[in-house]
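Fold and geometry: a report
Listed here are the chains, written in short residue letters.
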Amino acid sequence: MPKVFLTGANRGIGLGFAKVYLEAGWRVIAAVRNPEAADDLKNLGADYDNLLSIHPLDLADLTSIDALAKELRGVTIDVLLGNAAKTDNPMDEFGSTNYDAWVEAFQVNCMGQMKLAEAFVGHVAGSDHKKMFFVSSRIGARPPAGLVLFRSSKSALNQVVMQLSLTLGPRGIAVACGHPGFVKSKSTLSMGVFEAEESAGYLKKIIDDLTVETAGQFFDPDGSVLPIVTRQMNPNAFGAKAPDAWDEQAKKRDDGES
Ligand SMILES: NC(=O)c1ccc[n+]([C@@H]2O[C@H](COP(=O)([O-])OP(=O)(O)OC[C@H]3O[C@@H](n4cnc5c(N)ncnc54)[C@H](OP(=O)(O)O)[C@@H]3O)[C@@H](O)[C@H]2O)c1
């Protein structure tokens with residue numbers, strides 16, 4: 001029976017993932033910050049005999065990631081699914097940037113994800129499916145328009161994922177990331193186009209289809225590939241003029257003009 005290791009499984013898209021994988025007959029190893037308070041997840045697990053286990057994990061605390069990897073030593077993980085993120089970031093306020101929150105956003109959304117890959121690579125390498133997938137956000141690959149704490153942490157995550165794909169591809173591990181769509185969850189104040197489970201279903205399909213050959217990419221929920229480099233996407237988006245200027249600058253540099 002295949003196993004998925006899933007972070008942030010207690011609510012939002014993570015809870016949606018738990019449902020979708022359980023429904024598909026997978027074992028779900030759910031990592032949450034506060035297992036005692038994960039009532040929705042526990043209630044879900046009650047419907048799927050012994051398929052769900054719940055473990056404590058705080059992505060801002062690297063020792064907690066190592067501790068869980070150690071606890072799960074000998075357990076193979078077919079899909080490592082980095083879903084959790086610090087989503088409650090303060091809004092931009094130039095002059096009053098909250099640097100503590102920014103550090104935490106990087107710890108959880110970027111460095112914690114790299115650490116997950118490092119701590120669990122052996123569990124994944126020993127599995128049948130050998131995949132790692134990280135839930136990113138389109139906002140990390142768009143021309144700038146606010147939310148700089150969250151945006152920059154997801155841009156950095158995308159770069160980490162690309163690097164992980166290069167590093168782990170030769171070991172047969174397929175690594176990629178994806179945007180979940182605009183999803184109804186706490187992070188969007190329940191606004192959104194998709195239900196959490198619906199979004200999780202789309203991303204599961206992408207993960208199912210992922211191979212070492214298609215790895216290293218950033219996927220939209222419909223399976224299309226989003227460029228990591230912002231200037232190639234959405235020419236009508238706010239800020240789209242700037243990339244042209246960057247292109248011109250880059251060309252001048254290449255031509256030795258500056
Ligand atoms: N919803 C959208 O439209 C949307 C759009 C783009 C990208 N995304 C991405 O999709 C993923 C899920 O988002 P969501 O909308 O479901 O968000 P959410 O409802 O805010 O859920 C965030 C999850 O991350 C967990 N988390 C936060 N900090 C953590 C930490 N330090 N250690 C471990 N877990 C931590 C939360 O646990 P607690 O309950 O303990 O806080 C919660 O389970 C995120 O990566 C998010 O950036 C969502």
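Here's what I pulled together on the structure shown here. (Residues numbered from 1 in each chain as written. Predicted model: local features only at pLDDT ≥ 70, side-chain atom pairs only at ≥ 80, totals over all residues. Heavy atoms only, no water.)

As for the overall build of the protein chain
Just so we agree on the cut-off: Secondary structure elements follow DSSP: runs of H or I of four or more residues count as helices, runs of E of two or more count as strands, with numbering from the N terminus. The criterion used for residue contact is that any of the two residues' heavy atoms lie within 4.5 Å. The accessible surface values rely on the Shrake-Rupley method and a 1.4 Å probe; as for residues, cover is taken only from the protein chains in view.
In terms of helices and strands, the protein chain carries 7 helices and 8 strands. For the protein chain, contacts bridging at least 24 residues in sequence account for 67% of all contacts bridging at least 6. Within the structure as shown, the protein chain displays about 12900 Å² of accessible surface, and the carbon and sulfur contribution to it stands at 52%.

Describing the pattern of salt bridges
Note the threshold: Here a salt bridge means any side-chain nitrogen of Lys or Arg lying within 4 Å of a carboxyl oxygen belonging to Asp or Glu.
Tallying each qualifying case throughout the model produces 7 salt bridges. With a closest N to O distance of 3.7 Å, Lys19 and Glu197 form a salt bridge. In this pair, Lys19 sits in helix H1 (residues 12-23) while Glu197 sits in helix H6 (residues 196-209), placing the two residues 178 residues apart along the sequence. Lys115 is paired through a salt bridge with Asp66; the nearest N and O atoms lie 3.1 Å apart. Placement of the pair is Lys115 in helix H4 (residues 99-125) and Asp66 in helix H3 (residues 62-71), with a sequence separation of 49 residues.

Quick notes on the pairing of strand E6 (residues 174-178)
Each regular strand displays side chains that alternate between the two surfaces of the sheet. This is how it is decided: Relative accessibility decides the category of a residue: with a 1.4 Å probe and only protein chains considered, values under 20% of the type maximum give buried, values over 50% give exposed, and everything between is partly exposed. At least two DSSP bridges between two strands are needed for those strands to be called paired.
In terms of burial, E6 is largely enclosed, as 5 of its 5 residues are buried. Alternating positions in E6 separate into two faces, Ala174, Ala176 and Gly178 on one and Val175 and Cys177 on the other, with burial throughout. Note that strand E5 (residues 131-135) and E6 share 5 bridges and pair parallel. Each residue of the ladder has a partner; that of Phe134, found in E6, is Cys177. The sheet contact formed by E6 and strand E7 (residues 218-219) spans 2 bridges and is parallel. Each bridged residue has a counterpart across the sheet, and for Gly178 the counterpart in E7 is Phe219.

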